[in-house]
Amino acid sequence: MVKVAVVEGDGIGREVVPAARDILAAVRPDIEFFDVDLGYGLWERTGCACGEETVADLGSADAILFGAVTTPPDPGYRSVMLQIRHALDLYANVRPIRGDTVDVVIVRENTEGLYSGIEWTEPDRSCTVRVVSRRGSERIARYACTLAKSRRHHLTVGNKANVLKSDCLFVEVCTAVAAHLGVPCTARYIDALSLDLLMHPDRYDVIVTTNMFGDILSDAAAYLVGGLGMLPSANIGERAALFEPVHGSAPDIAGRNVANPIAAIRSGAMLLRHVGDPASAAAVEEAVVRVLRAGIRTRDIGGTAGTREFGTAVLREVGRGKA
Ligand code: NAD
Ligand code: IPM
Ligand code: MN
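Below is a short write-up of the structure. (Residues numbered from 1 in each chain as written. Chains lettered and ligands numbered in written order. Predicted model: local features only at pLDDT ≥ 70, side-chain atom pairs only at ≥ 80, totals over all residues. Heavy atoms only, no water.)

Regarding the pairing of strand E11 (residues 232–236)
Next, step 1: Burial within E11 is extensive, with 5 of its 5 residues counted as buried.
Next, step 2: Burial along E11 is two-sided: Pro232, Ala234 and Ile236 and Ser233 and Asn235, pointing in opposite directions, are all buried.
Next, step 3: In the sheet, strand E4 (residues 92–98) pairs with E11 via 3 bridges, with the strands oriented antiparallel. If you follow Asn93 over to E11, its bridge partner there is Asn235.
Next, step 4: Here E11 pairs with strand E12 (residues 241–245) via 5 bridges, running antiparallel. Opposite Asn235, over in E12, you have Leu242 as the bridge partner. (Buried < 20%, exposed > 50% of the residue type's maximum accessible area, 1.4 Å probe, protein only. Helix = DSSP H or I, 4+ residues; strand = E, 2+ residues; numbered from the N terminus. Pairing = 2+ DSSP bridges.)

Have a look at this one:
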């Protein structure tokens, strides 16, 4: 029995998650789903976006299927996403960029860096502390190297050690871990790396980087595969795992049945692999590809299908694959 917590969250999370959930339920009728309400909508209604009991509920699941939450840029509002990543210690944010001509995985450190939460505001300046620890760097480097060993055996360390002392430690630790685990490794400055990844994605296998660089690099890399509607992600810890699209709540298109559910559906496939069912994961991923090949697409990737229509088409394909 697999217990999956389902968080739709805000905006298009409420449209793309139901599509992904229906597909998971079809391939794995034994999954027990339970809904967890959190996010900006809940905050507007109750004054609390995510309480401690809510985090405990999430922590009780074998895996979490997550949509997106809206985070207003208000100094008094605490990001729910960061709260959950910290509370469940989801230290590895794994973002595969896969398409016809690209197969790269960005492994983003997910608990420190510029997201340390150590920040304060003075009358005329505001400060955020960028924390890079040996322990945090070691565990993310180990995760990235293990992944690289199961793929094409190469690690790139995205960094800005020419300017940031904190990245000197990050590069030193990643390089040492890679040498220890026998993974060839190249350090690249994040600015040049961003362009080179877009121009020559075939040069990369696994890219490990700090929190904020990984955030920006992954959205930019979505360019290689058709945009943000396509990219899934996993947030992995020792005792919990959360699967979500790379994109956010997209308030500009929310509630109109136009959002691309592929990122959410592929996140569902990553969840299946995590709970030990690679066959169902592959069935879902292949069904998505067959639907795309049949010319069914949402608006962001040049089609006219709605979120629900696309989801239904994948559901039909998954059924066909099983028959
Ligand atoms: P966004 O990813 O929500 O949207 C960026 C652009 O991409 C928008 O034009 C949007 O319409 C488009 N887009 C995103 N996903 C799409 C999809 N599935 N199909 C079609 N088009 C899609 O980023 P944003 O606009 O910068 O942020 C909106 C809100 O989401 C903010 O409050 C932000 O903090 C939050 N956010 C949350 C998460 C998360 O929950 N993990 C991630 C990113 C952003
Ligand atoms: C992401 C998002 C989050 C981040 C926000 C919503 C906290 O942009 O998951 O990429 O910056 O990590
Ligand atoms: Mn982001």
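Re the pattern of salt bridges
Next, step 1: Applying the stated criterion across every chain, the model contains 21 salt bridges.
Next, step 2: The salt bridge involving Glu244 is made with Arg85; its shortest N-O contact spans 3.0 Å. Of the two residues, Glu244 sits in strand E12 while Arg85 sits in helix H4 (residues 80–87), which places them 159 residues apart along the sequence.
Next, step 3: Overall, the relative accessible area of 6% leaves Arg85 in the buried class.
Next, step 4: The closest approach of N and O atoms between Asp196 and Arg188, which form a salt bridge, is 3.6 Å.
Next, step 5: Overall, Asp196 belongs to the buried group, its relative accessible area being 10%.
Next, step 6: Look at the salt bridges and you will find they share partners, linking Arg98, Asp103, Arg151, Arg152 and Asp205 into a network. (Salt bridge = Lys/Arg side-chain N within 4 Å of Asp/Glu carboxyl O.)

Considerations on the site of ligand 1
Next, step 1: Around ligand 1 there are 20 residues in total, and Thr71, Gly248, Ala250, Asp252 and Asn260 lie nearest to it.
Next, step 2: For ligand 1, an oxygen atom lies 2.9 Å from a polar atom in the backbone of Val69.
Next, step 3: Protein contacts shield 68% of the accessible area of ligand 1, which totals 810 Å² for the unbound molecule.
Next, step 4: When grouped by side-chain class, the residues that make up the shell around ligand 1 number 10 nonpolar, 7 polar and 3 charged. (Near = heavy atom within 4 Å. Polar contact = N/O pair within 3.5 Å; in protein donor to acceptor, adjacent residues only side chain to side chain. Areas by Shrake-Rupley, 256 points an atom, 1.4 Å probe, with all protein chains shown as cover. Nonpolar A, V, L, I, M, F, W, Y, C, P; charged D, E, K, R; others polar.)

Here we look at the state of the cysteines
Next, step 1: A complete count under the given rule lists 0 disulfides for this structure.
Next, step 2: We note that Cys145 lacks a disulfide partner, and the nearest cysteine sulfur, in Cys185, lies 6.8 Å from it.
Next, step 3: Among the residues examined, Cys145 registers a relative accessible area of 0% and is labelled buried. (Disulfide = S-S within 2.5 Å.)

Focus: the site of ligand 2
Next, step 1: In the vicinity of ligand 2, the contacting residues are Ser79, Leu82, Arg85, Arg95, Arg108, Tyr115, Asp215 and Val246.
Next, step 2: In the model, an oxygen atom of ligand 2 is placed 2.7 Å from a nitrogen or oxygen of the Arg85 side chain.
Next, step 3: Here Tyr115 contributes a side-chain N or O atom positioned 2.7 Å from an oxygen atom of ligand 2.
Next, step 4: The protein chains hide 76% of the 320 Å² of surface that ligand 2 would expose on its own.
Next, step 5: For the shell around ligand 2, the residue count by class is 3 nonpolar, 1 polar and 4 charged.
Next, step 6: Taken together, domain 1 (1–90 + 237–323) and domain 2 (97–225) each give at least three residues to the shell around ligand 2, which thus spans both. (Domains from an automatic or database assignment.)

A word on the environment of Leu231
Next, step 1: Along the chain, Leu231 turns up in the loop between helix H8 (211–221) and E11.
Next, step 2: Taking the C-alpha atoms as reference points, Leu231 and Ser137, separated by 94 residues in sequence, lie 24 Å from one another.

Looking at helix H7 (residues 190–199)
Next, step 1: All of the buried residues in H7 are Ile190, Leu193, Asp196 and Leu197. Taken down its axis, H7 places every buried residue within 120 degrees of arc, on the same side. Along H7, the residues that are exposed and aim more than 90 degrees away from the buried face are Leu195 and Met199.
Next, step 2: Residues of H7 that are buried in the fold lie against strand E5 (103–109), strand E8 (155–159), strand E9 (185–189), strand E10 (206–209) and H8. (Arc of directions from axis to C-beta. Contact = heavy atoms within 4.5 Å.)

Remarks on the sheet that holds E9
Next, step 1: Pairing within the open sheet is mixed, and its 10 strands lie in the order E2-E1-E3-E12-E11-E4-E5-E10-E8-E9. Both outer strands of the open sheet, strand E2 (31–35) and E9, are each paired with one neighbouring strand and no more. Neighbour to neighbour, the strand axes of the sheet diverge by 25 degrees on average, direction disregarded.
Next, step 2: Of the strand pairs in this sheet, E4 and E5 are connected by 7 bridges, and their pairing is antiparallel. Bridged to Arg98 within E5 is Asp103.
Next, step 3: The strands touched by H8 within the sheet are E4, E5, E8 and E10, with E5 carrying the most contacts at an inclination of about 155 degrees. (Axes fitted to C-alpha atoms, helices over the stretch in contact; angles between N-to-C directions.)

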